[in-house]
Amino acid sequence: MEFDTVLLPPRRATSIAQGLWYDRTINDDLDACVAGYPDKAALTAVQVETGALRRFTYRELATMADRIAVGLSRLGVGRDDVVALQLPNWWQFTLTYLACSRIGAVLNPLMHIFRERELSFMLKHGAAKVAIVPRTFRGFNYEQMFDGLKPSLPELTHVVVVGGSGPNSFDALLSGPQWELEPDARQVLTSHRPSPDDVTQLIYTSGTTGEPKGVMHTANTVMANIIPYAERLQLGSNDVVLMASPMAHQTGFMYGLVMPIMLRASAVLQDFWEPKKAIELIRREGATFTMASTPFLSDLARNVAEAKTGVPTLRTFLCAGAPIPGALVEQARKVLGTKIVSAWGMTENGAVTLIKLDDDDELAFTTDGCALPGVEVKVVDVDGTVLPFGRVGKLMVRSCSNFGGYLHRPQWNNTDAEGWFDTGDLAHMDERGYIRISGRSKDVIIRGGENIPVVEIEALLYRHPAVAQVAIVAYPDERLGERACAVVVAKPGQTIDFAGMVEFLKTQKVALQYIPERLVVCEAMPATPSGKLQKFKLREMLRDGTI
């Protein structure tokens, strides 16, 4: 795969000179962990439904990473080849990334909720050579889905199945044979290691284009974010990081997979969110830090209160993805005894702003924090003029952790000649530099931390025989922050109901989480005199109950 990371070369010299890029890779950190902490607990992975548990020390982690790396090379994976990974938070996720890094391959994390429609585009666009999937997870058969997908993906040479029992199983191909002892293993593991500027992660994000965009990150851009992030949160080698947010999201990948190794700390993985299991793991493993979206915090606080079982080791809960209600911060502080930190960031740059540990608790629900070291933010009007404090405008970011660009779509990079990235969000800033996200100029709904690709779902609904006009807008939800509502104008003489809409989208192989959870049928849409749809009015009408 040829990667067009056009945003990186212009800022390399400055980033190195200013000490913002560290010019090392995860290989360097893993090797240092083995040298300094070989027998320290590195990774504990728990499957909620089965209760399966797997533990690795740093020595065992490195050995298995080497083994899987040689196994991948036996499948034809080499430098700059893409390995797609549609796994929950299982140990195989962490180990596959470390293995890819050993041989210069690029990991393409894919959310487990994706189905044929999303996957067929991403796997083809990223030219994935190998895909690693669960046989089944939460009642869905991924092996069967990929059997149907593979004939249309000529670049995809192997589908490896975790939990499978045949010759294409993860155990048979990657983790079982002691590949690391083969005569050529040392050459395989040392001759193709990536540089800090090589692409290490290709991760897709939804936006206004209606087509997922492949975000390219290198070790330099990832680590440039993680190091100041950890320093602000005062995290170190004695911490235990609980991660139940999917590692196929940037949250889980950066702060649940990469960060613990960089800190020489310990990671505990939970494969899907279940608050009672989270409480058990925090208490048993001594977890000190976690990061998740607002619903996770709400669930944890409620369940701790109901169980009257504390989580005394959990010092910090970083909450992002949706605003945190003030009452929730107050409840969580009282019930959990945990510092609640608000934050804002994007797939393209990781965490951008977060409050400080010594900030007043009020800032967790009135702001989204201030910029990390190495990050600049500004709020501008439509002409690019910086706005006074308190005025709402476009949020621009110039960061040492900004991505290398969108794969094969440089026209969408949204970055000017001075390195300012247009986030597509609206915000205002106070005199201290703390920002508050107040809306989105891009047409995306964030449901419980998951971006819903509005343009794509609208385009599908336009294919429905009864739909003349459709707009998908957000409506507030106490637990998830917001949900999606489809507002439809029906064709003359036609009707559409909620069940029919859901069934239609299911036939289009849409991820269930992307399907709108309300349907409103109206006679006409609010529009400007020129005919431009006014979605903000639809949101107001939903809020006020006038439609």
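Structural data are supplied above this passage.
Residues numbered from 1 in each chain as written. Predicted model: local features only at pLDDT ≥ 70, side-chain atom pairs only at ≥ 80, totals over all residues. Heavy atoms only, no water.

Approximately 450 Å³ is the volume attributed to the second largest pocket. What lines the second largest pocket is a set of 20 residues, among which R11, R398, S399, E418 and G419 lie closest to the centre. Of all the elements in the fold, those that place two or more residues in the lining of the second largest pocket are helix 1 (9-17), strand 18 (375-380) and strand 19 (393-399). When residues of the lining of the second largest pocket are assigned to their parent elements, the largest contribution, four residues, is made by helix 1. (1 Å grid on protein atoms, 1.4 Å probe; cavity = no way out; pocket = protein on both sides within 12 Å on 5 of 7 lines; lining within 4 Å. Points joined across faces, edges and corners; volume = space filled by probe spheres on them. Helix = DSSP H or I, 4+ residues; strand = E, 2+ residues; numbered from the N terminus.)

On the basis of which strands lie adjacent, the open sheet formed by nine strands has the order 2-1-12-11-13-14-15-16-17 and mixed pairing. Each having just a single partner strand, strand 2 (53-57) and strand 17 (370-371) make up the two edges of the open sheet. Two elements, strand 11 (residues 240-243) and strand 13 (residues 289-292), share two bridges in a ladder whose sense is parallel. Residue pairing across strands places V241 opposite F289, the latter belonging to strand 13. The strands touched by helix 3 (residues 58-74) within the sheet are strand 1 (41-46) and strand 2, with strand 2 carrying the most contacts at an inclination of about 100 degrees. Across the face of the sheet, helix 4 (residues 91-103) comes into contact with strand 1, strand 2 and strand 12 (266-270) while running at roughly 135 degrees to strand 1. (Pairing = 2+ DSSP bridges. Contact = heavy atoms within 4.5 Å. Axes fitted to C-alpha atoms, helices over the stretch in contact; angles between N-to-C directions.)

In this section: the sheet that holds strand 26 (residues 518-521). If you walk across this open sheet you meet the three strands as 24-25-26, and the pairing is mixed. Two strands lie at the open edges of the sheet, namely strand 24 (467-477) and strand 26, each paired on one side alone. The mean inter-strand angle of the sheet, taken between neighbouring strand axes irrespective of direction, is 25 degrees. Sheet topology places strand 24 next to strand 25 (residues 481-490); 10 bridges connect them, and they run antiparallel. Opposite V470, over in strand 25, you have V488 as the bridge partner. The strands that helix 15 (residues 454-461) touches are strand 24 and strand 25; relative to strand 24, the one it contacts most, it runs at about 145 degrees. Strands strand 24, strand 25 and strand 26 of the sheet are contacted by helix 17 (residues 535-544), whose axis makes an angle of about 55 degrees with strand 24.

So, on to the pairing of strand 11. Across the two faces of strand 11 the burial is the same, with V240 and L242 and V241 and M243 all buried. For strand 11 and strand 12, the ladder comprises four bridges, and the chain directions are parallel. Within strand 12, the residue paired with M243 across the bridge is L269. A crossover connection joins strand 11 to the parallel strand 12 through helix 10 (residues 250-263); in handedness this β-α-β unit is right-handed. (Buried < 20%, exposed > 50% of the residue type's maximum accessible area, 1.4 Å probe, protein only. Right-handed = clockwise from strand over helix to strand, strands pointing away.)

Counting across every chain of the model gives three cavities of 30 Å³ or more. In this structure, the largest cavity spans a volume of roughly 100 Å³. When contributions to the lining of the largest cavity are tallied by element, the ones reaching two or more residues are helix 4, helix 9 (219-232) and helix 10. Ranked by the residues each element gives to the lining of the largest cavity, the list is headed by helix 9, at three residues. Within the lining of the largest cavity, the residues separate by chemical class into eight nonpolar, four polar and one charged. Of the volumes computed, that of the second largest cavity is approximately 50 Å³. Along the walls of the second largest cavity sit L242, A244, S245, W273, I282, T290, M291, A292, F296, L300 and F317, which together make up its complete lining. Of the residues forming the lining of the second largest cavity, the biggest block, three residues, is contributed by strand 13. For the lining of the second largest cavity, a count of residues per class yields nine nonpolar, two polar and no charged. (Nonpolar A, V, L, I, M, F, W, Y, C, P; charged D, E, K, R; others polar.)

Within the secondary structure, V241 is located in strand 11. Apart from residues no more than four positions distant in its own chain, V241 is found in contact with Y255, G256, M259, P260, S266, A267, V268 and F289.

This part is about the side chain of Q92. Mapped onto the fold, Q92 is located in helix 4. Judged by its relative accessible area of 7%, Q92 falls in the buried class. Apart from the residues within four sequence positions on either side, Q92 is in contact with L87, V162 and F170.

This part covers helix 2 (residues 26-36). Those residues of helix 2 that fall on the buried side of the exposure criterion are I26, N27, D29, L30 and C33. For helix 2, the angular spread of the buried residues around the axis is 165 degrees, confining them to a single face. Structurally, helix 2 contributes buried residues whose contacts are with helix 3, helix 4, helix 9 and helix 10. (Arc of directions from axis to C-beta.)

Our next topic: helix 13 (residues 326-336). Buried within helix 13 are the following residues: L328, V329, A332 and L336. Buried residues in helix 13, looked at end-on, bunch into an arc of 100 degrees, giving them a common side. Among the exposed residues of helix 13, those pointing more than 90 degrees away from its buried face are A327, E330 and K334. Of the surrounding secondary structure, the elements contacted by the buried residues of helix 13 are helix 12 (294-307), strand 15 (339-346) and helix 14 (363-366). Downstream of helix 13 by a residue or two, G337 has a phi angle that is positive, lying close to 70 degrees.

So, on to the packing of helix 11 (residues 275-285) against helix 12. Two elements in contact, helix 11 and helix 12, have axes whose closest approach is 9 Å; the angle formed by their N-to-C orientations is 75 degrees. Here helix 11 lies roughly perpendicular to helix 12, going by the angle between them. Between helix 11 and helix 12, the residues in contact are P275, K276, A278, I279 and I282 and D299, L300, N303 and V304, respectively. (Parallel < 35°, antiparallel > 145°, perpendicular 65-115°, else oblique.)

The subject of this paragraph is the packing of aromatic side chains. For the coordinates displayed, the defined rule picks out 13 aromatic pairs. Taking the centre distance of 5.4 Å and the plane angle of 50 degrees together, the rings of F56 and W91 count as tilted. Of the two residues, F56 sits in strand 2 while W91 sits in helix 4, which places them 35 residues apart along the sequence. The class for W91 is buried, based on a relative accessible area of 10%. The rings of F56, W91 and F170 are connected pair by pair, giving a single aromatic cluster. Residue placement shows R115 over the ring face of F140; its charged tip is 3.8 Å from the ring centre. Here the guanidinium or amino end of K378 rests over the ring plane of W420, the centre of that ring lying 4.3 Å away. (Phe/Tyr/Trp six-rings, centres within 6.5 Å; stacked < 30°, edge-to-face > 60°. Lys NZ or Arg CZ within 6 Å of the ring centre and 35° of its normal.)

Moving on, we get to the packing of helix 15 against helix 16 (residues 498-507). Viewed as axis vectors pointing N to C, helix 15 and helix 16 meet at an angle of 105 degrees, and their least axial separation amounts to 10 Å. Considered as vectors, helix 15 and helix 16 are oriented roughly perpendicular to each other. Facing I457, L460 and L461 of helix 15, the residues of helix 16 in contact are M501, F504 and L505. Of the residues that constitute the contact of helix 15 with helix 16, the class distribution is six nonpolar, no polar and no charged.

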